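Residue-level structural notes
For reference, the chains in residue letters:
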Amino acid sequence: MKENKKVNLSIVVPIYNEEENLPILYEKLKKVLDSIGKSYEIIFVNDGSTDKSWEIIKELAEKDPNVIGVTFKRNYGQTAAMSAGFDIANGEIIITMDGDLQNDPEDIPRLLEKMTEGYDIVSGWRKDRKDAFLSRTLPSRIANWLISKVTGVHLHDYGCSLKAYKADIAKNLDYFGEMHRFLPALAKPMGAKITELPVKHHPRIYGKSKYGISRTFKVILDLFLVKFLLDYRTKPLRVFGGTGLILLLFGFAVLLYLVGIKLFLGQDIGNRPLLTFGTLLVLSGIQLLSTGIVAELIVRTYYESQNKRPYLIKEIIRKSE
Ligand code: UDP
Ligand code: MG
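Residues numbered from 1 in each chain as written. Chains lettered and ligands numbered in written order. Predicted model: local features only at pLDDT ≥ 70, side-chain atom pairs only at ≥ 80, totals over all residues. Heavy atoms only, no water.

**So, the site of ligand 1**
Quick reminder of the rule: A molecule or strand has a residue near it when one of that residue's heavy atoms lies within 4 Å. By the criterion applied in these results, polar contacts are pairs of N or O atoms within 3.5 Å in which, for protein atoms, one can donate a hydrogen and the other can accept it, and in which residues neighboring in sequence qualify only through two side-chain atoms. In this description, accessible areas are obtained by the Shrake-Rupley approach with a 1.4 Å probe, and a residue is regarded as covered only by the protein chains that are shown. In this count, Pro and Cys sit with the nonpolar residues alongside Ala, Val, Leu, Ile, Met, Phe, Trp and Tyr, while Asp, Glu, Lys and Arg are called charged and the others, Gly among them, polar.
Taken together, 18 residues lie around ligand 1, and Glu18, Asp47, Asp100, Ser209 and Lys210 are the ones closest in. Here Gly99 contributes a backbone N or O atom positioned 2.7 Å from an oxygen atom of ligand 1. Take Asp100: an N or O atom from its side chain is 2.6 Å from an oxygen atom of ligand 1. When the free accessible area of ligand 1 is taken as 530 Å², the share hidden by the protein chains comes to 95%. When grouped by side-chain class, the residues that make up the shell around ligand 1 number four nonpolar, six polar and eight charged.

**Considerations on the packing of aromatic side chains**
Stated precisely, the cut-off is as follows: Working definition: rings of Phe, Tyr and Trp (its six-membered ring) pair if their centres are within 6.5 Å, and the pair is stacked with planes under 30 degrees apart, edge-to-face with planes over 60 apart, and tilted otherwise. By the criteria applied, helices consist of DSSP H or I runs no shorter than four residues and strands consist of E runs no shorter than two, each listed in order from the N terminus. Think of it in three bands: with a 1.4 Å probe and only protein chains considered, a residue is buried below 20% of the maximum accessible area for its type, exposed above 50%, and partly exposed in between.
On inspection of all chains with the given rule, the structure shows two aromatic pairs. An angle of 85 degrees between the planes, with centres 5.1 Å apart, marks the rings of Phe72 and Tyr76 as edge-to-face. Pairing Phe86 with Tyr165 gives two aromatic rings, centres 5.4 Å apart and planes at 70 degrees, and the pair type is edge-to-face. Taken as a pair, Phe86 in helix H3 (residues 78-88) and Tyr165 in strand E6 (residues 163-166) lie far apart in primary sequence, 79 residues in all. This pair shows no difference in class: Phe86 is buried, exactly as Tyr165 is.

**Quick look at the packing of helix H9 (residues 236-265) against helix H10 (residues 273-305)**
Between two packed helices, what matters for the description is the angle formed by their axes and the separation of those axes. Basically, it comes down to this: Axes here refer to lines fitted to C-alpha atoms; in helices the fit is confined to the stretch in contact. Angles between the N-to-C directions go from 0 to 180 degrees. Here roughly perpendicular refers to angles of 65 to 115 degrees, roughly parallel to angles under 35, roughly antiparallel to angles over 145, and oblique to all remaining angles. Handedness of a crossing is defined here by the sense of rotation of the near helix relative to the far one, left-handed for an anticlockwise turn of less than a right angle and right-handed for a clockwise turn.
Relative orientation of the contacting elements H9 and H10 amounts to 160 degrees, with a least axis distance of 7 Å. Here H10 runs roughly antiparallel to H9, going by the angle between their axes. Taken as a pair, H9 and H10 cross one another with a handedness that is left-handed.

**Digging into the sheet that holds E6**
Rules: Pairing between strands is defined by DSSP: at least two bridges between them are needed. In this analysis, two residues are considered to be in contact whenever any of their non-hydrogen atoms come within 4.5 Å of each other.
Ordered by their spatial adjacency, seven strands build an open sheet running E3-E2-E1-E4-E6-E5-E7, and the pairing between neighbours is mixed. Of all the strands in the sheet, just strand E3 (67-71) and strand E7 (194-198) have a single pairing partner and so form its edges. Taking the axes of each pair of neighbouring strands and ignoring which way they run, one obtains an average angle of 20 degrees across the sheet. Relative to strand E2 (residues 40-46), strand E1 (residues 7-15) is paired through seven bridges, and the arrangement is parallel. Note that in E2 the partner of Pro14 across the bridge is Val45. Of the strands in this sheet, E1, E2 and E3 are in contact with helix H2 (residues 53-63), which crosses E3 at around 150 degrees.

**Points about unusual backbone geometry**
Even without being glycine, Asn17 reaches a positive phi, approximately 55 degrees. Structurally, Asn17 can be placed in the loop between E1 and helix H1 (21-36). Its relative accessible area of 19% is what places Asn17 among the buried residues. Located in the positive-phi region is Leu101, a residue other than glycine, with phi close to 70 degrees. Structurally, Leu101 is set in the loop between strand E4 (91-96) and helix H4 (108-115). We classify Leu101 as buried; its relative accessible area is 16%.

Note that every value here comes from positions in space, so none of it alone points to a role or purpose.
Spelled out as structure tokens, the structure:
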């Protein structure tokens, strides 16, 4: 790793067995980045490749001071690789892209231009996607529609890796698993301004795709988690407690009704199903309320144990003594 020097731009590229693509990608990136005229660094994160990728990255990093090579001890997945890139990036703007030449470095200047309009995230949109229709493009369309609906952040192409982030947003995002595609949605509660921009997409020529159709299911599962993280993480009592309160009120009403019947009409209520129902409602209500309170405590521990704050400060002005 090179010393920490501030640069304008960090390009983060996760690499898993891309030996044929790496040299071509590097040349293309270098050409585009040199022409922009801003300081930059290219961070290749080798995600436990079993081919010559790391040797190639090492060589590039040794001859070009703008290249930083990072390597994992094993394959952790694309999300982990991106996250490592975010952690060591020194740029004010961080751009992520795939290392398989499916994203085009020539789109970078356009992404940057869009960022100057005041956005925190500009997400690439592979409008003319060059992947198999049935196994890739169609499931992805459905997934994108679903993710947009559920998260309320409407993007055509969550799966596109080519995205630009302001560094403070990227570095404070909180995610795990295979969640890199959800980053714009996870950034929304931080007040991030998000937009999308059509970008080029090329078929993969060298190497193989690392994913199959099973990814769609994983993405849907992750979506549940994202929804939970987005809506409930900071206020679980509202969710559990809200439902609990409603059940409790219903239960009380039912029991009150039965007490009325007993007292004023003198009927037996001991054998009425409604009695069981009312009792059940009251009990579940109490259960849910206490779950909500326990969840609140857990959430607090979560933030405190990681020294995390549930907010992101844009600026502090203070007159120093
Ligand atoms: N990748 C990675 N770790 C993995 C799988 C993929 O770093 O476990 C990298 C891969 O080398 C590529 C990018 O993530 O640079 C996207 O992978 P791929 O092209 O296989 O995905 P697809 O384009 O088929 O969705
Ligand atoms: Mg690819």
